[in-house]
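Observations on the model geometry
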Amino acid sequence: MNYEKCINKIIEYATNFYDTLDFAHNIEHGKRVVRNAEKIAQIEGGNLFLIEAGAWLHQFHDKIDEVNSFIKTLDIDNELKNKLYEIVKCRPQYMNDNSLLESKIVYDADAIEVLSTYGMIREVICNAKCRNKEWEKSVEDTIKVQKRFKEKLKTKTAQKMLEKDFEVIEEFWELYKKWSYL
């Protein structure tokens, strides 16, 4: 098994997909999730191939059958294929304490894209610009998704990475409410 060749095939496949998405879910988002996952994995451990591959493919969560067909073409053993498929499904509704460590890491890496101060702004703008939501609905939905993702964070490393962001964001939303609901 040539993992480097396999990762390159995954990156090419994912890049083609990211190129069809909005500014908030483009290739730069994919790269950030991969970097976040690698940072978390340095402390939490896990299979680095699965973490990198899962991070590149995480955005296929709404096209799970399509990505599963692709995963089946990879030159890796069936156990890795099955685990990779599970990792790609890293959405809040699927995350629990029994999830694979690699799923937890990739989930948390993607959650940082919503839960960090950068991610908060990214989410509000995406709601308004890409999802065509009115401003207050964009804000309301950002707060809801942050709560949902935060409740499901699975690694101590991601929680530690986000400590300051959580403080700033909580204070920000309190001040926002003070000025927006005069």
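**Quick word on the overall build of the protein chain**
Looking only at helices and strands, one finds 9 helices and 0 strands in the protein chain. Secondary structure elements in the protein chain, listed N-terminal to C-terminal, are α-α-α-α-α-α-α-α-α. In terms of overall size, the protein chain behaves like a compact globule, its C-alpha atoms giving a radius of gyration of 17 Å where 182 residues would be expected to give roughly 16 Å. If you line up the protein chain on its principal axes, its C-alpha atoms span 60 × 35 × 25 Å. In the protein chain, which comprises 182 residues, the share counted as buried stands at 48%. Of all intrachain contacts in the protein chain linking residues separated by at least 6 positions in sequence, the fraction that spans at least 24 positions is 70%. A total accessible area of about 10,000 Å² is found for the protein chain, and carbon and sulfur atoms account for 50% of it.

**Describing the environment of Val-124**
As for its placement among the helices and strands, Val-124 is situated in helix α7 (residues 117-130). Remark: the alpha-carbon pair of Val-124 and Asn-96, spanning 28 residues in sequence, is separated by 27 Å.

**Quick look at the nonpolar core**
Counting 47 residues, the largest nonpolar core has Ile-10, Phe-49, Leu-57 and Val-67 as its most contacted members. When contributions to this core are tallied by element, the ones reaching two or more residues are α1 (3-18), α2 (27-44), α3 (48-57), α4 (64-72), α5 (78-88), α6 (101-115), α8 (135-151) and α9 (156-180). Per-element tally for this core: the top contributor is α6, with 8 residues. Excluding residues that lie within four positions of it along the chain, Val-67 makes contacts with Tyr-13, Leu-57, Phe-60 and Val-88.

**Here's the deal with the packing of aromatic side chains**
A ring pair, where both rings are aromatic, is described by two values, the distance of the centres and the angle of the planes. Taken as a whole and assessed by the stated rule, the structure comprises 9 aromatic pairs. Pairing Tyr-13 with Phe-70 gives two aromatic rings, centres 3.8 Å apart and planes at 0°, and the pair type is stacked. Within this pair, whereas Tyr-13 is found in helix α1, its partner Phe-70 is found in helix α4, the two being separated by 57 residues in sequence. A single burial state applies to Tyr-13 and to Phe-70, both of which are buried. An angle of 85° between the planes, with centres 5.5 Å apart, marks the rings of Trp-173 and Tyr-176 as edge-to-face. Separated by 3 residues within a single helix, Trp-173 and Tyr-176 lie in helix α9, roughly one turn from each other. Take Tyr-176: its relative accessible area is 17%, and that puts it in the buried class. Three or more aromatic residues link up through ring pairs in this structure, and these residues are Tyr-13, Phe-17, Tyr-18, Phe-60 and Phe-70. The cationic tip of Lys-89 hangs over the ring face of Tyr-94; the distance from NZ or CZ to the ring centre is 5.2 Å. The positively charged end of Lys-150 is found above the aromatic ring belonging to Phe-166, 4.2 Å away from the centroid.

Calculation rules
- Residues numbered from 1 in each chain as written.
- Predicted model: local features only at pLDDT ≥ 70, side-chain atom pairs only at ≥ 80, totals over all residues.
- Heavy atoms only, no water.
- Helix = DSSP H or I, 4+ residues; strand = E, 2+ residues; numbered from the N terminus.
- Rg over C-alpha atoms; globule rule 2.2 N^0.38 Å.
- Buried < 20%, exposed > 50% of the residue type's maximum accessible area, 1.4 Å probe, protein only.
- Contact = heavy atoms within 4.5 Å.
- Areas by Shrake-Rupley, 256 points an atom, 1.4 Å probe, with all protein chains shown as cover.
- Core = buried A, V, L, I, M, F, W, Y, C linked by side-chain atoms within 4.5 Å.
- Phe/Tyr/Trp six-rings, centres within 6.5 Å; stacked < 30°, edge-to-face > 60°.
- Lys NZ or Arg CZ within 6 Å of the ring centre and 35° of its normal.

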